[in-house]
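This is what each chain is made of:
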Amino acid sequence: MDDEVQQPEYEVGTGILCVFGRQLKLFRERAGMDRAQLGSLTGYSASTIASFEQGRRVPPPRFIDRADEVLDAGGVLSASKEEVARAQYPAFFRHAARLETEAIELHVYANQAVPGLLQTEEYARAIFMMMRPPMDDELIEQRVSARLARQEILSGRDAPLASFVIDEAVLRRPIGGRGVLRGQLEHVLLMGERRNIEIQVMPLDREENAGMAGPFTLIETKEGRRIAYAEVQNVSRLQTERERVRALEAKYGIIRAQALTPRESLAYVEKLLGEP
């Protein structure tokens, strides 16, 4: 039985964005407005409205709600809001992003970069600017906005219990420059002080590290589903088969035991901040 969860493969200019864009245009024309008029009522330029209608740009939730209201769409546009929002993410990550919003527990092992849920805006932008082939500026800003929006799940009353084990090499790698790294380390400290978040560091001098096969994420949803997510070179896999998920859960337990404790880890990050 195939345990890989397939994900929708729509991108900017196709699928849900084009469907939404056609609906937006129909409601606009029904209301007797041109693009400039709709733009003035929603706070966007006529060219941006054109981009939304042509499926070339992802409309933000606030625009969708406002357009639904001024065009008297009766909730039709707003009903697409969550699906449209997922178009901000690359296709390989969209299903995982949805599962994150349903999580009561999230556990992440990272040995390449600071986990997206903990990244600062500057660090995230530096990550996307390093991508090859290069992304255009608009897509970079879209991806940064989407990453920052994801982080909202770690706040509020229904925030999941989250733990992160981060390899020391990640915390020393000056992605974006020393200033960006310093801001990122300070952010890690702030996040580690939250009661629903535990952060651990895997020191470079450890002779044993069960995470050498690469990064992965464990997700438990409100419905009790347990899922593992792994990604390499923009190819992702969601594991749902219980035996495989259980193996990664056991591995994560060993990784946590091999790493510094949460208290030791925050002290270690402070030490890194004090280094020249």
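Structure: above.
Residues numbered from 1 in each chain as written. Predicted model: local features only at pLDDT ≥ 70, side-chain atom pairs only at ≥ 80, totals over all residues. Heavy atoms only, no water.

(A) Layout of the overall build of the chain. Each helix and strand counted, the chain has 12 helices and 6 strands in total. Principal-axis analysis of the C-alpha atoms gives the chain an extent of 70 × 50 × 40 Å. Across the 276 residues in the chain, those meeting the buried criterion constitute 49%. For the chain, the share of sequence-separated contacts (at least 6 apart) that also reach a separation of at least 24 residues comes to 72%. For the chain, the exposed area adds up to about 14400 Å²; of that, 51% sits on carbon and sulfur atoms. Both charge centroids of the chain, one from 37 positive and one from 42 negative side chains, sit 2 Å from each other. (Helix = DSSP H or I, 4+ residues; strand = E, 2+ residues; numbered from the N terminus. Buried < 20%, exposed > 50% of the residue type's maximum accessible area, 1.4 Å probe, protein only. Contact = heavy atoms within 4.5 Å. Areas by Shrake-Rupley, 256 points an atom, 1.4 Å probe, with all protein chains shown as cover. Lys, Arg positive; Asp, Glu negative; His and termini not counted. Charge placed at Lys NZ, Arg CZ, Asp CG, Glu CD.)

(B) Summary view of the environment of E264. Its place among the elements puts E264 in helix 12 (residues 262-274). Using a relative accessible area of 43% as the deciding quantity, one classes E264 as partly exposed. Counting along the chain gives 65 residues from E264 to I199, while the straight-line C-alpha distance between them is 9.7 Å. In terms of polar contacts, E264 uses its side chain to reach the backbone amide nitrogen of T261, at 2.9 Å. (Polar contact = N/O pair within 3.5 Å; in protein donor to acceptor, adjacent residues only side chain to side chain.)

(C) Spatial organisation of the pattern of salt bridges. This structure, assessed with the given rule, holds 17 salt bridges. Put simply, R150 and E100 hold a salt bridge, and the shortest N to O gap is 2.7 Å. On the criterion of sequence distance, the pair formed by R150 in helix 8 (residues 137-150) and E100 in helix 6 (residues 94-101) is long-range, its members being 50 residues apart. Each member of the pair, R150 as well as E100, is classed as buried. (Salt bridge = Lys/Arg side-chain N within 4 Å of Asp/Glu carboxyl O.)

(D) The arrangement of the nonpolar core in detail. With 40 residues, the main nonpolar core has L154, F164, L171 and I199 as its most contacted residues. By residue number, the principal contributor to this core is helix 10 (residues 178-192), which donates 6 residues. Excluding residues within four positions of it along the chain, L171 makes contact with V114, I166, L181, L185, V201, V269 and L272. Counting residues in each nonpolar core, the second largest holds 20 residues, with I16, F52, L71 and L77 among its members. (Core = buried A, V, L, I, M, F, W, Y, C linked by side-chain atoms within 4.5 Å.)

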